[in-house]
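# Tertiary structure, described
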Amino acid sequence: IATMSAGYVSIWPEGAAVPTASVLNHWPGEVRANGTIVGLSATGTLAVLSLTGAPVIIDVTGWFVPEATATGGRFVPLTPTRAVDTRTSRSTPLAAGETITVPLPPGVPLDAAAVAITVTTTGAPAPGYLSVAPGGTGRPPTSVLNVDRAGQTRAAGAIVGATPAGIDVYSLSGGHVVVDVTGWF
């Protein structure tokens with residue numbers, strides 16, 4: 001559902017003060033997606049504010065456990081590492097409906113459970129979205145990035161599960177894709 005006016009969305013642990021930071025900003029008529037990490041209240045809930053009353057969909061893609069109980073899954077930050085840039089790695093942009101598998105870059109072990117990424121699309125020929133999933137597991141029913149019109153360049157952060165094959169990136173409308181890995185679990 002497209003927004004009717006410009007605004008923003010904030011998310012925070014329920015019961016805490018409303019933050020001055022947004023997790024998503026939008027213009028009229030846009031459909032936007034973004035990833036964020038947000039704490040929960042003591043009862044496991046969060047609060048959402050949409051300044052303009054725009055519809056909000058929240059997809060939970062993972063969680064963290066307290067350090068005292070964690071047996072694995074520690075985050076290992078990396079200097080942002082380019083895993084793929086289809087503008088230079090292939091002669092054509094992705095076709096509409098195409099999925100590419102992006103191998104894990106050097107510095108990320110093959111047994112990494114997940115990667116933190118920034119995914120960018122540019123040059124899409126039409127409105128659409130990108131979905132990201134662990135390599136070889138199929139396309140999820142969620143987007144990490146939406147494009148509202150042809151030619152837009154958009155970027156978003158996400159944490160996505162990984163397999164030894166890497167991660168799969170699906171583009172509904174096609175265009176070029178850039179994936180930078182900023183860490184792994």
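Residues numbered from 1 in each chain as written. Predicted model: local features only at pLDDT ≥ 70, side-chain atom pairs only at ≥ 80, totals over all residues. Heavy atoms only, no water.

### Some details on the overall build of the chain
A count of helices and strands for the chain gives one helix and 11 strands. Of the regular secondary structure in the chain, the N- to C-terminal order runs β-β-β-β-α-β-β-β-β-β-β-β. Here the C-alpha radius of gyration of the chain, 17 Å, is about what a compact globule of 185 residues would show, namely 16 Å. If one aligns the C-alpha atoms of the chain with their principal axes, the spans along those axes are about 50 × 45 × 25 Å. Taking all 185 residues of the chain together, the buried fraction comes to 38%. About 10100 Å² of surface is accessible on the chain, with carbon and sulfur atoms providing 60% of the total. Looking at charge distribution, the chain has the averaged site of its 8 positive side-chain charges lying 7 Å from that of its 10 negative ones. (Helix = DSSP H or I, 4+ residues; strand = E, 2+ residues; numbered from the N terminus. Rg over C-alpha atoms; globule rule 2.2 N^0.38 Å. Buried < 20%, exposed > 50% of the residue type's maximum accessible area, 1.4 Å probe, protein only. Areas by Shrake-Rupley, 256 points an atom, 1.4 Å probe, with all protein chains shown as cover. Lys, Arg positive; Asp, Glu negative; His and termini not counted. Charge placed at Lys NZ, Arg CZ, Asp CG, Glu CD.)

### A word on the sheet that holds strand 4 (residues 76-85)
As summarised here, the arrangement of the four strands in space is 4-11-6-9, forming an open sheet in which the pairing is antiparallel. Strands at the two margins of the open sheet, each flanked by one partner only, are strand 4 and strand 9 (153-161). The sheet shows a mean angle of 20° between the axes of neighbouring strands, taken without regard to direction. Bridge count between strand 4 and strand 11 (residues 176-184): six bridges; the pairing is antiparallel. Considered in strand 11, the bridge of D85 is made with V178. (Pairing = 2+ DSSP bridges. Axes fitted to C-alpha atoms, helices over the stretch in contact; angles between N-to-C directions.)

### A closer look at the sheet that holds strand 3 (residues 46-50)
Within a sheet, each strand pairs with its neighbour through backbone hydrogen bonds, oriented either parallel or antiparallel. Read from one edge to the other, the open sheet built from three strands follows the order 2-1-3, with strand pairing classed as antiparallel. This sheet does not close on itself; its edge strands, each paired only once, are strand 2 (24-26) and strand 3. Across this sheet, the average inter-strand angle for adjacent strands is 15°, counted without regard to direction. Where strand 1 (residues 7-13) lies against strand 2, three bridges are found, and the strand directions are antiparallel. Paired with V9 across the two strands is L24, which belongs to strand 2.

### Brief notes about the nonpolar core
With 24 residues, the main nonpolar core has V115, I117, I167, V169 and V179 as its most contacted residues. Every element with two or more residues in this core is listed here: strand 5 (98-102), strand 6 (114-122), strand 7 (128-134), strand 9, strand 10 (167-171) and strand 11. Per-element accounting of this core gives the leading share, four residues, to strand 11. Ignoring sequence-local partners within four residues, the contact set of V115 consists of L104, V108, A158, I159, V160, A162, I167, V181, G183 and W184. (Core = buried A, V, L, I, M, F, W, Y, C linked by side-chain atoms within 4.5 Å. Contact = heavy atoms within 4.5 Å.)

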